[in-house]
Amino acid sequence: MTGDRYDVAIIGAGLGGLSTGIRLQAAGRRVLLLDRLDRVGGLCGTVDEGGRQYVIACNDFGSGLRADLAELGVDFAFERTCSRIQYQGRQYHLPPTLATIGRLLPHGPAIVRHVLALRRAGRAGYQGSAFLGPHLERLGIGGATADLLMLPAYLMGVSPDRFRVDALAHEFRHDYGYAKPLTPVGGPQRFADALLLRFRELGGTVRLGTEVHETRPPGALSTSTGEVRADRIVSTLPQPGHYLAEFEKGLPLSMLWLRLDPRLALPARVHTHVHFPPAIATWFRALYDGQLPKAFGFHFFASDLGIQAGSRTANVYFYLPRDSEEDESVQRRAMDYILGQVDGLLPGLTAALQEVRILYCLSSDRGASLAIATVAQTFKAVDSNLARANQFLN
């Protein structure tokens, strides 16, 4: 596979690489996409484990994605779903239902003060109001109201005292639409494959299972499938200096893969279920400081991959303490907590649990292959760990 020359070679066929390739190919460039995996999508996809498909990430997207796909010429079906946050025994939905609006009414005056203060801070360049936690403290907003307003920090994996308030404005400035989530029909791998199809329709070339060994100027790439020459080389892989110094880098996600009895009834049209304990400022700071708190947040997704060999698959995402992600005792304690709380979020789930696997460091910095290959521990539902969880629930 030598001798061909391209206008642009893109390293990495995740969603960023695919969308970049489509735009460049549509602009008349001759583009080559390279990826070391045997599929496109990167972390946004599915993987086969034990004869069943499990989602890695990208379970849902903001509604603003539709406009981006229209620009790319990609036609793909999404389902409108909602997210459910369970906090102190109460349920809050996004987009808000009438019941959610009613539950938020007591917090209304404080929420209005928060929004008005954000607007004033924006006009002043966010001087003196850089971080969400201190911003709410200055406004005298605490307790349950502060916890609910700090939910975006949890979802981004950043401690509220390090979460920049100007990041909240990005949701509206760029019309991401995260408050109105969309779920890709058939799962994220099908969505990534649709982007690949569009890229190929435009005449683009892709080489999967190709490791890039070295880049050599001017425009030469040494790869496991031969040398590549291109006028421009674009890498979508994380590089030193890519993160702005003023923005805090979030904790990497860890994940449980769940294999469930398909007879378990899950709420219709609710795709994300969030366990959100009180005092996020305290428990998330503990995670930042490398400690596993007694209570912490996690969120559950049921995959849209159907029944597979008598099971359906699902995911639980959570954060392990900084620099303790590979500590098996910490992993096990975290899993014990999750399995001890998940029935309060979804009644009957532990009884329907057939198998659970824990994966750590689901992060683009570490790469998708690590998240897939590094299965720290596997536990069967008859394991004493799950028996202890059920005893705790009883």
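As the structure is a prediction and not an experimental result, all values here were calculated from the model.

1. With respect to the overall build of the protein
Part 1 of the reasoning: Looking only at helices and strands, the protein has 14 helices and 18 strands in total.
Part 2 of the reasoning: Residue burial in the protein is summarised as follows: out of 394 residues, 50% are buried.
Part 3 of the reasoning: A separation threshold of at least 6 residues defines the contact pool for the protein, and within that pool the share at least 24 residues apart is 72%.
Part 4 of the reasoning: If you sum the accessible surface of the protein, you get close to 18,300 Å²; carbon and sulfur atoms cover 53% of it.

2. Comments concerning the layout of surface pockets
Part 1 of the reasoning: There is about 180 Å³ of room inside the second largest pocket.
Part 2 of the reasoning: In terms of lining residues, the second largest pocket is bounded by 13 residues, among which Pro267, Arg269, Val270, His271 and Asp304 are the most central.
Part 3 of the reasoning: With three residues, strand 14 (residues 270-275) is the largest single contributor of residues to the lining of the second largest pocket.
Part 4 of the reasoning: Each residue belonging to the lining of the second largest pocket can be placed in one class, and the counts come to five nonpolar, four polar and four charged.

3. Observations regarding the confidence of the model for the protein
Segments scoring low in pLDDT should not have their predicted coordinates read at a detailed level.
Part 1 of the reasoning: Per-residue pLDDT for the protein has a mean of 86; in total, 88% of the residues score no lower than 70.
Part 2 of the reasoning: Here residues 364-394 scores under 50 on pLDDT; set against residues more than four positions off or in separate chains, the count is 69 contacts.

4. Here we look at helix 4 (residues 108-123)
In an α-helix there are 3.6 residues to a turn, and that puts residues three or four apart on one side.
Part 1 of the reasoning: Over its 16 residues, helix 4 extends 23 Å from the first C-alpha to the last, a length consistent with the 22 Å expected when each residue adds 1.5 Å.
Part 2 of the reasoning: Here helix 4 has its buried residues at Ala110, His114, Ala117, Leu118 and Ala121. All buried residues of helix 4 lie within an arc of 105° about the axis, which places them on one face of the element. Of the exposed residues in helix 4, those oriented more than 90 degrees away from the buried face are Pro109, Arg119 and Arg123.

5. Considerations on the packing of aromatic side chains
Part 1 of the reasoning: Going through the model one piece at a time under the given rule, you end up with 18 aromatic pairs.
Part 2 of the reasoning: With 5.9 Å between their ring centres and 55° between their planes, tyrosine 154 and phenylalanine 276 make a pair best called tilted. Of the two residues, tyrosine 154 is situated in helix 7 (residues 151-156) and phenylalanine 276 in the loop between strand 14 and helix 10 (280-288); the sequence distance between them amounts to 122 residues.
Part 3 of the reasoning: Among the residues examined, tyrosine 154 registers a relative accessible area of 0% and is labelled buried.
Part 4 of the reasoning: With relative accessibility at 1%, the residue phenylalanine 276 sits in the buried group.
Part 5 of the reasoning: Summarising the aromatic geometry, the rings of tyrosine 176 and tyrosine 178 are spaced 5.6 Å apart at their centres and angled 35° between planes, so their arrangement reads as tilted.
Part 6 of the reasoning: Given the relative accessible area of 35%, tyrosine 176 is considered partly exposed.

6. Regarding the pairing of strand 12 (residues 226-235)
Part 1 of the reasoning: Two strands pair when backbone bridges link them, and strand 1 (residues 5-11) and strand 12 are joined in this way by six bridges, in the parallel orientation. Bridging from a neighbouring strand, tyrosine 6 pairs with alanine 230 of strand 12.
Part 2 of the reasoning: Summarising the sheet, strand 11 (residues 220-223) and strand 12 pair through four bridges and their orientation is antiparallel. Bridging from a neighbouring strand, leucine 221 pairs with valine 228 of strand 12.

7. Describing the state of the cysteines
Part 1 of the reasoning: Scanning the model with the defined rule gives one disulfide in all.
Part 2 of the reasoning: A sulfur-sulfur separation of 1.7 Å characterises the disulfide bridge that pairs cysteine 44 with cysteine 58. Of this pair, cysteine 44 sits in the loop between strand 2 (31-34) and strand 3 (46-49) while cysteine 58 sits in the loop between strand 4 (52-55) and helix 2 (65-72), and the two are 14 residues apart along the sequence.

8. A closer look at unusual backbone geometry
Part 1 of the reasoning: Cis geometry marks the peptide bond from leucine 94 to proline 95, where omega comes out at -5°.
Part 2 of the reasoning: At cysteine 58, a position not held by glycine, the phi torsion is positive, near 65°.
Part 3 of the reasoning: Not every positive phi belongs to a glycine, and arginine 269 is a case in point at roughly 65°.
Part 4 of the reasoning: Note that arginine 269 resides in the loop between strand 13 (253-260) and strand 14.
Part 5 of the reasoning: With relative accessibility at 49%, the residue arginine 269 sits in the partly exposed group.

9. Description of the side chain of histidine 107
Part 1 of the reasoning: As for its placement among the helices and strands, histidine 107 is situated in the loop between helix 3 (98-104) and helix 4.
Part 2 of the reasoning: Looking at histidine 107, the relative accessible area reads 13%, which means it is buried.
Part 3 of the reasoning: Setting aside anything within four residues of it in sequence, one finds histidine 107 in contact with Tyr92, Ala144, Thr145 and Leu148.

What counts, and at which threshold
- Residues numbered from 1 in each chain as written.
- Predicted model: local features only at pLDDT ≥ 70, side-chain atom pairs only at ≥ 80, totals over all residues.
- Heavy atoms only, no water.
- Helix = DSSP H or I, 4+ residues; strand = E, 2+ residues; numbered from the N terminus.
- Buried < 20%, exposed > 50% of the residue type's maximum accessible area, 1.4 Å probe, protein only.
- Contact = heavy atoms within 4.5 Å.
- Areas by Shrake-Rupley, 256 points an atom, 1.4 Å probe, with all protein chains shown as cover.
- 1 Å grid on protein atoms, 1.4 Å probe; cavity = no way out; pocket = protein on both sides within 12 Å on 5 of 7 lines; lining within 4 Å.
- Points joined across faces, edges and corners; volume = space filled by probe spheres on them.
- Nonpolar A, V, L, I, M, F, W, Y, C, P; charged D, E, K, R; others polar.
- pLDDT = per-residue confidence, 0-100.
- Expected span 1.5 Å × (residues − 1).
- Arc of directions from axis to C-beta.
- Phe/Tyr/Trp six-rings, centres within 6.5 Å; stacked < 30°, edge-to-face > 60°.
- Pairing = 2+ DSSP bridges.
- Disulfide = S-S within 2.5 Å.

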